[in-house]
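Spelled out, the chains give:
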Amino acid sequence: MLRLLALAVVAAVPPGAGPTPGTVWSPSRLPTTRVDSVFAATITPRAPSGATVTSVVCACTAGHRLPPGLSGNKLGTAFGISGVPEKVGTYTFELRDTWTLGGRSYWGRHSFTIVVGKASSAPSDAGMRIGAKATRSGDTLTVLVRDGGNSHVSGFTIFPVDLVATKVLSASRGLTCARRIVGRGTIVACRGGPHARKTVRVSIQVVGRKSRFVNVEVTGRGQSTSVDVPVTRVAPGA
């Protein structure tokens, strides 16, 4: 009787369900950064051989979150973080992934820490320090570009990956922006840009369902920098 009871209890527990130590995260640790310095990282979970990762999410809660100024977004089965940190501190958050093997579901998790230090005392024009943020509401893609110091921006280009830009709806004062066709894709090229810790905004009408990220390339004083910016979906009118 006891043996039959034990077998019944074991059978009631779904085999393979629950957390396992099988996930390897790349990178497993994130670099330190500074206030007003551009930060960008892509974290990828890798399941055991033969398994398929199906999703990755941030278990961000009160007390366990990204630094102010940074945003995160799913990039397929990876997780991207980008932006310009605004506040000194140590920030810890957790990523969780789901993967399947042999018809069974498993999940893994890993805690990450980002340490944000004080702004560098080096001359502000020692290098380009540019931050960017992108949101999509319906068919409108809005991109904000911020100068984290004194980068002497002369222009920047927005490439909406997986989307087709059909029209420039609006741009901050001082910007001249135009839609262009490049190969099989479209870009929005702007002359002028943010200066001395200022932020400029460009709104673009787009076509396409996917909107994982946009690439923003900024130039100025013979220098250039490029960053992939995750696109955050927002409700119309929000």
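The paragraphs below set out a description of the structure included in this document. (Residues numbered from 1 in each chain as written. Predicted model: local features only at pLDDT ≥ 70, side-chain atom pairs only at ≥ 80, totals over all residues. Heavy atoms only, no water.)

## With respect to the overall build of the protein chain
Filter applied, for reference: Secondary structure counts use DSSP, requiring at least four H or I residues in a row for a helix and at least two E residues in a row for a strand, with both numbered from the N terminus. The rule is simple: take the accessible area with a 1.4 Å probe, protein chains only, and divide by the maximum for that residue type; under 20% is buried, over 50% is exposed, in between is partly exposed. Two residues form a contact once any of their heavy atoms are found within 4.5 Å. Every accessible area reported is derived by Shrake-Rupley at a probe size of 1.4 Å, with residue values counting cover from the shown protein chains alone.
Of regular secondary structure, the protein chain possesses 1 helix and 17 strands. Counting the 238 residues in the protein chain, one finds 39% classified as buried. Across the protein chain, every contact between residues at least 6 apart in sequence was considered, and the portion connecting residues at least 24 apart equals 66%. Here the protein chain has roughly 13100 Å² of accessible surface; of this, 53% comes from carbon and sulfur atoms.

## A few points about the environment of R179
The following threshold applies: The definition of a polar contact used here is a pair of N or O atoms within 3.5 Å, where within protein one atom must be able to donate a hydrogen and the other to accept one, and adjacent residues in sequence count solely through side-chain atom pairs.
Summarising the element assignment, R179 is placed in strand β13 (residues 176–182). Every residue in contact with R179, bar those within four places of it in the chain, is listed here: A165, T166, K167, V168, T186, I187 and V188. Separated by 2.3 Å, the side chain of R179 and the backbone oxygen of A165 make a polar contact.

## Considerations on the nonpolar core
Our working rule: Residues enter a nonpolar core if they are buried and are Ala, Val, Leu, Ile, Met, Phe, Trp, Tyr or Cys, with the set joined through side-chain atoms within 4.5 Å.
In this structure, V143, V145, F156, V188, V202, V214 and V216 are the most contacted members of the largest nonpolar core, which totals 25 residues. Those elements that provide at least two residues to this core are β9 (130–137), β10 (140–147), β11 (155–160), β14 (185–191), β15 (199–207), β16 (213–220) and β17 (223–233). Ranked by residue count, the leading element in this core is β15, at 4 residues. Excluding residues within four positions of it along the chain, V143 makes contact with K133, A134, I158, V200, R201, V202, V214 and V216. I43, Y91, L95 and F112 belong to the second largest nonpolar core, which has 17 residues in total.

## Observations concerning the packing of aromatic side chains
Just so we agree on the cut-off: Stacked, tilted and edge-to-face are the three classes applied to pairs of Phe, Tyr and Trp rings, where Trp contributes its six-membered ring and a pair requires centres within 6.5 Å; stacked means planes under 30 degrees apart, edge-to-face means over 60, and tilted covers the rest.
Within this structure, the stated rule accounts for 3 aromatic pairs. Centroid distance W25 to F112: 6.0 Å. Interplanar angle 80°. Geometry classified as edge-to-face. Note that W25 is positioned in strand β1 (residues 24–26) and F112 in strand β8 (residues 104–117), a separation of 87 residues in sequence. Neither W25 nor F112 differs from the other in exposure class; each is buried. Consider the rings of W99 and Y106, whose centres lie 4.7 Å apart with planes at 15°: the pair is stacked. Judged by relative accessible area, which is 14%, Y106 ranks as buried. Chaining the aromatic ring pairs together yields one cluster made of W25, F93 and F112.

## Description of the layout of surface pockets
Just so we agree on the cut-off: Computed over the protein atoms alone on a 1 Å grid, cavities are sets of points where a 1.4 Å probe fits but cannot get out and pockets are open sets with protein on both sides within 12 Å along at least five of seven lines; a residue lines them when it has an atom within 4 Å of a point. Grid points are joined across faces, edges and corners, and a volume is the space filled by probe spheres set on the points. Amino acids are sorted into nonpolar (Ala, Val, Leu, Ile, Met, Phe, Trp, Tyr, Cys and Pro), charged (Asp, Glu, Lys and Arg) and polar (every other residue, Gly among them).
The computed volume of the largest pocket comes to approximately 220 Å³. If you go around the largest pocket, you meet 14 residues; those closest to its centre are G69, E86, A132, K133 and R146. When residues of the lining of the largest pocket are traced back to their parent elements, those giving at least two are β5 (70–75), β6 (78–83), β9 and β10. Each residue belonging to the lining of the largest pocket can be placed in one class, and the counts come to 5 nonpolar, 6 polar and 3 charged.

## Observations concerning the sheet that holds β16
What counts, and what does not: Only strands that DSSP links by at least two bridges are regarded as paired with each other. Axis lines are fitted to C-alpha atoms, over the contacting stretch for helices. Their N-to-C directions set the angle, which ranges from 0 to 180 degrees.
Reading across the sheet, the 9 strands line up as β12-β15-β10-β9-β17-β16-β11-β14-β13 and stay open at both edges, with mixed pairing between neighbours. Two strands lie at the open edges of the sheet, namely β12 (164–171) and β13, each paired on one side alone. Recorded for the sheet is a direction-independent mean angle of 25° between the axes of neighbouring strands. Examined bridge by bridge, β11 and β16 share 6 bridges and lie antiparallel to one another. Within β16, the residue paired with T157 across the bridge is E217.

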